[in-house]
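Secondary and tertiary structure notes
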Amino acid sequence: MTQQEIINKTIVFVKQSLANAEGGHDWFHIERVYNNSLLIARSEPVDIFVVSLGALLHDIADSKFHNGDESVGPQMAREFLFKHDVDSAVIEHVVNIIKHISFKGGNEEQKFSSPELEVVQDADRLDALGAIGIARCFNYGGFKNRPLFDPAVKPNLNMTKEEYKASKAPTINHFYEKLLLLKDRMNTPTGKRIAQKRHAFMELYLDQFYAEWDGKK
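This write-up is about the structure you can find in this document. (Residues numbered from 1 in each chain as written. Predicted model: local features only at pLDDT ≥ 70, side-chain atom pairs only at ≥ 80, totals over all residues. Heavy atoms only, no water.)

A few points about the overall build of the protein
Basically, it comes down to this: Numbering of helices and strands starts at the N terminus; helices are DSSP runs of H or I of at least 4 residues and strands are runs of E of at least 2. Computation of the radius of gyration draws on C-alpha atoms alone. For the globule rule, the value is 2.2 Å times the number of residues to the power 0.38.
For the protein, the count of helices and strands is 10 helices and 0 strands. Start at the N end of the protein and walk to the C end: the helices and strands fall as α-α-α-α-α-α-α-α-α-α. Its C-alpha atoms give the protein a radius of gyration of 18 Å, near enough to 17 Å, the size a compact globule of 217 residues would have. Each of the three principal axes of the protein carries a C-alpha extent, and together these read 60 × 35 × 30 Å.

Here it is as structure tokens:
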């Protein structure tokens, strides 16, 4: 089986697996991350096959939707790739991308790195920024029945990983606890350039949000 055939089968597998997923973590999220990964990879010395599989499988079973279990996604990816006779070194690399891609809060140190992870991680973070990042943020907040904003509840920038995962804070707080931090955590020149523009859009959005909240516009 050629690499392109494996990629095509992976796309079918992911579409089927995420058919009923929450709107911010569905197939369209995967597709955007996949396309952004290929865009960023043009300027980076990476294995495109690993980048493609990592992007397509990175959210195959997000722990947020599996009671916080971070082992489900890597295991699903490993079993799928093994079934299609993907080289064991490629499987391990893709599984490590899945394990280490996410922003988990708590300033946790990343224990695995590779150029391929950096590309997919940037692509995933770009989808949490800008207009789509804002839409995804509020979509998930609604999914979890969180308030839009509460002036009495301040953002917590010093959460542990466990506190971050268990947070029920208003959706606006998530901008400060994650989204606005991503610009300075991008890995690649292309990722950094795109992130700057999307970050600026989010700052404009927040200015407008607070003005409307206070009845000024």
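Looking at the pattern of salt bridges
Put simply, the test is: Here, a salt bridge means any Lys or Arg side-chain nitrogen found within 4 Å of an Asp or Glu carboxyl oxygen. Relative accessibility thresholds used throughout: buried, under 20% of the residue-type maximum; exposed, over 50%; partly exposed, between the two (1.4 Å probe, protein chains only).
Applying the stated rule across the entire model yields 4 salt bridges. The salt bridge partner of Asp127 is Arg32, with a shortest N-O separation of 2.7 Å. Highlighted residues: Asp127 in the loop between α6 (115-126) and α7 (130-143) and Arg32 in helix α2 (residues 27-41), separated in sequence by 95 residues. What makes Asp127 buried here is its relative accessible area of 1%. Residues joined by salt bridges that share partners form a network here, namely Arg32, Asp127 and Arg136.

Re the packing of helix α4 (residues 72-83) against helix α5 (residues 88-100)
Counted only if it meets this: Between N-to-C directions, angles cover 0 to 180 degrees, with each direction set by a line fitted to C-alpha atoms, over the stretch in contact for helices. Angle categories: roughly parallel below 35 degrees, roughly antiparallel above 145, roughly perpendicular from 65 to 115, and oblique for all the rest. The crossing is said to be left-handed when, going from far helix to near helix, the turn is anticlockwise and less than a right angle, and right-handed when the turn is clockwise. Residue contacts are counted whenever heavy atoms from the two residues lie within 4.5 Å of one another. Lys, Arg, Asp and Glu make up the charged group, whereas Ala, Val, Leu, Ile, Met, Phe, Trp, Tyr, Cys and Pro make up the nonpolar group; the residues left over, Gly among them, are polar.
In the contact formed by α4 and α5, the axes pass within 9 Å of each other and the chain directions differ by 160°. Taken together, the axis directions place α4 and α5 in an arrangement best described as roughly antiparallel. Seen along the crossing, α4 lies across α5 with a hand that is right-handed. On α5, the residues that touch Gly73, Pro74, Ala77, Arg78, Leu81 and Phe82 of α4 are Ile91, Glu92, Val94, Val95, Ile98 and Lys99. Residues that form the contact of α4 with α5 fall into these classes: 8 nonpolar, 1 polar and 3 charged.

Some details on the nonpolar core
Selection rule: Definition of nonpolar core: a set of buried residues of the types Ala, Val, Leu, Ile, Met, Phe, Trp, Tyr and Cys, connected through side-chain atoms within 4.5 Å.
Counting residues in hydrophobic clusters, the biggest one holds 55 residues, and the most contacted among them are Val14, Leu53, Leu57, Leu81, Val94 and Phe175. Sort the elements by how many residues they give to this core and helix α3 (residues 48-57) lands first, with 7 residues. Beyond its immediate chain neighbours, meaning those up to four positions away, Leu81 contacts Leu53, Leu57, Val86, Ile91 and Val94.

Observations regarding α3
For the record, the criterion: Whenever two N or O atoms come within 3.5 Å, that pair is a polar contact, provided that in protein one can donate a hydrogen and the other can accept it, and provided that, for residues adjacent in sequence, both atoms are side-chain atoms.
Taking burial as the measure, the 10 residues of α3 include 9 buried ones, the bulk of the element. Burial in α3 covers these residues: Phe49, Val50, Val51, Ser52, Leu53, Gly54, Ala55, Leu56 and Leu57. Structurally, α3 contributes buried residues whose contacts are with α1 (3-17), α2, α4, α5 and α6. At the N-terminal boundary of α3, the capping side chain belongs to Asp47, with an oxygen 2.9 Å from the backbone nitrogen of Phe49.

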